[in-house]
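So the chains spell out like this:
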Amino acid sequence: MNQPFLCRSLLFKTAAITSVLILAACQEEKQEVTTAEDSEYPRAETLYIGGFDWAPPTTFNPLDYDPNFPIDGNVRLMYETLVTYNQLSGKLEPMLAESFEQNDSSITVKLDSRAKWSNGNPVTVDDVIYSFRVDSLLPTPRHDNWKYIEQISSENNTVTFHFSKNKNPLILLNAIAETSILPKAVFEPIVNAAKKDKSYDMAKIAEFKNDATPVVSGPYNLKTYSPDKIVLERNDSYWGNVKHNGKKPAPKYIIHSLYNGNNHFNSAMTKGNLDISSIFLPRIWEKAKDSIRAWSREEPFHQPGSITTLIVAHNNAPLNDVALRRALMHSINFEKIKARAVSNYTPAMQPGFILPFGAEAKYFNKEDASAYGYSYNTDKAKEILTDAGYSWDKEGKLVAPDKKPVRSFTIECPQGWTDWEDAIKVITGSFAEIGVTAVEKFVDYGVWDKDLRLGTFDFAMKTQTAELSAATPWSRFDQVMGAVSYKPAGEDAFANQGRYQNKEADELLARIPAETDEAQLTKDYRALNKIFMETIPVMPVLYRPTQYYQFSTKHWTNFPTEENPYAPPQHLIIAAGVNALWQIQPVK
């Protein structure tokens, strides 16, 4: 399961994993061999990657709802952002920007005057302003950023983002780190041609596939594509090479291979036909014989950066009872999930919703975790239930305070996401230990997504905020607790899908983004995490990496690792991880 890259890739993943046709397997085997022997792309000049897209490519239009690799996600090979997040340092680093600064009323970015498009034209402040302005015109994923932007102004080579009355610097910092800067000369005519009265015809905009020599600012550009691969070619005149003493990225070509399912991706990795993969690869310590490793050689092997949870439907009784939720938390065997579901690719779980390591560790309070948190303890779970008026029948099934049997619950996730399926199997067994019946519900991705949006579920596995950013941990809390995103069951909700409500939490969520005093910020996060532990808005299950970063050293070497952390474990293509492309070396 690889959640940070959503939409098309996940839909096809669900379909692919459930497909076991022998013909498909034979075709994949043939494709793996072809990849290794492709003379058009010399192996010493070609980096093969996989797991960031699953669909036969159809569009590279960044304004499309669901473009193919490398346009989707936070991949920075073709289109760049003003700044980019480094998950190792927890800081924003310049990309198209030379520098940026923040004050009480705005964020000002100075554009790097050396930045150029692949056609040789300079990247201008007009390009920057238009790239943000288009999000206010179209229903893009970043459309709501304009709730927090009063205006954007420019002077010489600087762009200033002025906060609106509902000031939220964290959202705007995320915006400047995640909004692709597009060439206005290319996209403005396309958008204008799609205007209908006061709205825009997105279908017409999507007709532009952007697959014929796109104008980009990044180090690579689209060369060709087919149903089984996407080929990028290095832009030897890339403006950013100056940041690397004029050196070019090591691979001349980057090829994203497309396979049908986890097993085929992992097989290609083992055979040396993939150099980098984001696919869940079990028991990676056994793969050293195949020259494969992850960020670290020690557990948890991958660098954790997110929290996978059970989203709880607070609108569905009796899950609105905090005593039941707390008891269920104490029933979960976290260590069994860690071992069985994710090959120990996760540290031991700690209570709360703040990562107790990395940049967030300064906000984690051990005393509060001990006083208000939870751990695997079935006796404690039963004690909580007894104190709340619950009891058990002769068969050991839980009985509610009104003397009626507690109904069974469903726990759902997309079918084929094997790590989550295995975690859910452990959880249903854990619930059974305290007399609660839960049924596994593995469904198509579209069903799972719709159930979450409409609130038609009991429990659903999800990693709500899958990537570290300048806004975490605030954004993680906001996504599961914030009243701003609250919608009644039956209406589409894209955050707070459990329909949780807490006024005290809302006050903290509104205050934290604008807080500049570090001591007060620490205090506010402590208070927010305490509310989380006391009220259980969602049920944290495991820490997981932002991406499963694993690589083969059969054809390339000097990848960033825990021992050599010159770049973050972001696959050499995501955010600040791109810098590693100048440092890897072909095996001679």
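Residues numbered from 1 in each chain as written. Predicted model: local features only at pLDDT ≥ 70, side-chain atom pairs only at ≥ 80, totals over all residues. Heavy atoms only, no water.

Moving on to the overall build of the chain. Helix and strand counts for the chain come out as 16 helices and 24 strands. Compactness check: the chain gives a C-alpha radius of gyration of 24 Å against a globular reference of 25 Å for 588 residues, within 12% of the reference. Counting every position in the chain, which comprises 588 residues, the buried fraction comes to 57%. The long-range share in the chain, meaning contacts at least 24 apart out of those at least 6 apart in sequence, stands at 71%. (Helix = DSSP H or I, 4+ residues; strand = E, 2+ residues; numbered from the N terminus. Rg over C-alpha atoms; globule rule 2.2 N^0.38 Å. Buried < 20%, exposed > 50% of the residue type's maximum accessible area, 1.4 Å probe, protein only. Contact = heavy atoms within 4.5 Å.)

An order of E4-E5-E7-E6 is seen for the four strands of this open sheet, with the pairing classed as antiparallel. Two strands in the sheet have a free side with no partner beyond their single neighbour: strand E4 (97–102) and strand E6 (149–155). Ignoring which end each strand starts from, the neighbouring axes of this sheet average 15 degrees apart. Where E6 and strand E7 (residues 158–163) come together, six bridges link them in antiparallel fashion. Looking at E7, one finds that Glu155 is bridged to Thr158. On top of the sheet, helix H4 (residues 169–178) reaches E4, strand E5 (106–111), E6 and E7; it is set at about 20 degrees to E5, its chief contact. (Pairing = 2+ DSSP bridges. Axes fitted to C-alpha atoms, helices over the stretch in contact; angles between N-to-C directions.)

Counting 173 residues, the largest nonpolar core has Leu82, Phe132, Phe431, Phe459, Met481 and Met539 as its most contacted members. The biggest single contributor to this core is H4, with seven residues. For Phe459, the residues in contact, after removing those within four places along its chain, are Leu310, Ile311, Val312, Leu319, Leu328, Phe409, Thr410, Ile411, Glu412, Phe431 and Met539. (Core = buried A, V, L, I, M, F, W, Y, C linked by side-chain atoms within 4.5 Å.)

Where helix H8 (residues 322–331) meets helix H16 (residues 518–535), the closest approach of the two axes is 8 Å, and the angle between their N-to-C directions is 90 degrees. The angle between the axes of H8 and H16 places the two elements in the roughly perpendicular class. When H8 is examined against H16, the residues Val322, Arg325 and Arg326 are found in contact with a partner set consisting of Met533, Glu534 and Thr535. Tallied by class, the residues present in the contact of H8 with H16 amount to two nonpolar, one polar and three charged. (Parallel < 35°, antiparallel > 145°, perpendicular 65-115°, else oblique. Nonpolar A, V, L, I, M, F, W, Y, C, P; charged D, E, K, R; others polar.)

Okay, the environment of Gly51 next. Among the structural elements, Gly51 can be located in the loop between strand E1 (46–50) and strand E2 (83–86). Among the residues examined, Gly51 registers a relative accessible area of 1% and is labelled buried.

Moving on, we get to the confidence of the model for the chain. With 94% of its residues at a pLDDT of 70 or more, the chain has an overall mean of 91. Low pLDDT, under 50, characterises residues 1–37; the stretch is placed with 86 contacts to residues that sit more than four places away or in other chains. (pLDDT = per-residue confidence, 0-100.)

Turning to H16, a few remarks are in order. In this model H16 runs 26 Å from its N-terminal to its C-terminal C-alpha over 18 residues, within 8% of the 26 Å that 1.5 Å per residue would give. Every buried residue of H16 is listed here: Leu521, Asp524, Tyr525, Leu528, Asn529, Ile531, Phe532, Met533 and Thr535. On its buried side, H16 packs onto H8, helix H10 (366–372), helix H14 (474–481), helix H15 (503–511) and strand E21 (538–545). Looking at the residues trailing H16, positive phi occurs at Ile536, about 50 degrees. (Expected span 1.5 Å × (residues − 1).)

A few words now on unusual backbone geometry. Glu299 connects to Pro300 through a cis peptide bond whose omega is 10 degrees. Relative to the helices and strands, Pro300 is located in the loop between strand E14 (292–294) and strand E15 (304–312). That bond from Ala317 to Pro318 is cis: its omega, 5 degrees, falls within 30 degrees of zero. In this structure, Pro318 sits in the loop between E15 and H8.

Strand order in the open sheet formed by seven strands is E10-E11-E12-E1-E13-E22-E14, with mixed pairing between adjacent strands. A strand with exactly one partner marks an edge of an open sheet, and here the two such strands are strand E10 (220–226) and E14.

As enumerated under the stated definition, the model contains 29 aromatic pairs in all. Taken together, the ring pairs connect Phe280, Trp285, Phe301, Tyr345 and Tyr548 into an aromatic cluster. (Phe/Tyr/Trp six-rings, centres within 6.5 Å; stacked < 30°, edge-to-face > 60°.)

Position of Ile574 among the secondary structure elements: in the loop between strand E23 (556–557) and strand E24 (585–586). On the basis of relative accessible area, Ile574 is assigned to the buried category, the value being 0%. Distance in space between the C-alpha atoms of Ile574 and Gln547 is 9.9 Å, their sequence separation being 27 residues.

Quick look at the pairing of E7 now. Two elements, E5 and E7, share five bridges in a ladder whose sense is antiparallel. Bridge pairing in E7 places Ile107 opposite Phe161.

A few words on the pattern of salt bridges. Enumeration over the complete set of coordinates arrives at 25 salt bridges. The shortest N-O distance in the salt bridge between Arg407 and Asp458 comes to 2.9 Å. Taken together, the residues span a long stretch of sequence, with Arg407 in the loop between strand E17 (398–399) and strand E18 (409–414) and Asp458 in the loop between helix H13 (445–454) and strand E20 (459–462) at a distance of 51 residues. For Arg407, a relative accessible area of 33% puts it in the partly exposed group. The structure contains a network of salt bridges with shared partners spanning Arg234, Asp236 and Lys248. (Salt bridge = Lys/Arg side-chain N within 4 Å of Asp/Glu carboxyl O.)

This brings us to the side chain of Thr472. Locating Thr472 in the fold gives a position in the loop between E20 and H14. For Thr472, a relative accessible area of 13% gives the class buried. Looking at Thr472, its side chain comes within polar contact range of the main-chain oxygen of Ser469, at 2.8 Å. (Polar contact = N/O pair within 3.5 Å; in protein donor to acceptor, adjacent residues only side chain to side chain.)

Attention now moves to the environment of Ala369. As for its position among the elements, Ala369 is in helix H10. A residue is classified by how much of its surface remains accessible, and Ala369, at 7% relative accessible area, is buried. As for Ala369 and Ala185, which are separated by 184 residues in sequence, their C-alpha atoms are 53 Å apart. With near-sequence residues (within four places) excluded, Ala369 lies in contact with Pro351, Phe364, Tyr374 and Met533.

A few words now on helix H5 (residues 184–193). The set of residues buried in H5 consists of Phe187, Ile190 and Val191. Buried residues along H5 cover an arc of 95 degrees about the axis, so they all sit on one side. Turned more than 90 degrees from where H5 packs its buried face, Ala185 and Ala193 sit exposed. On its buried face, H5 is in contact with helix H3 (125–137), strand E8 (195–196), strand E9 (199–200) and helix H6 (202–205). (Arc of directions from axis to C-beta.)

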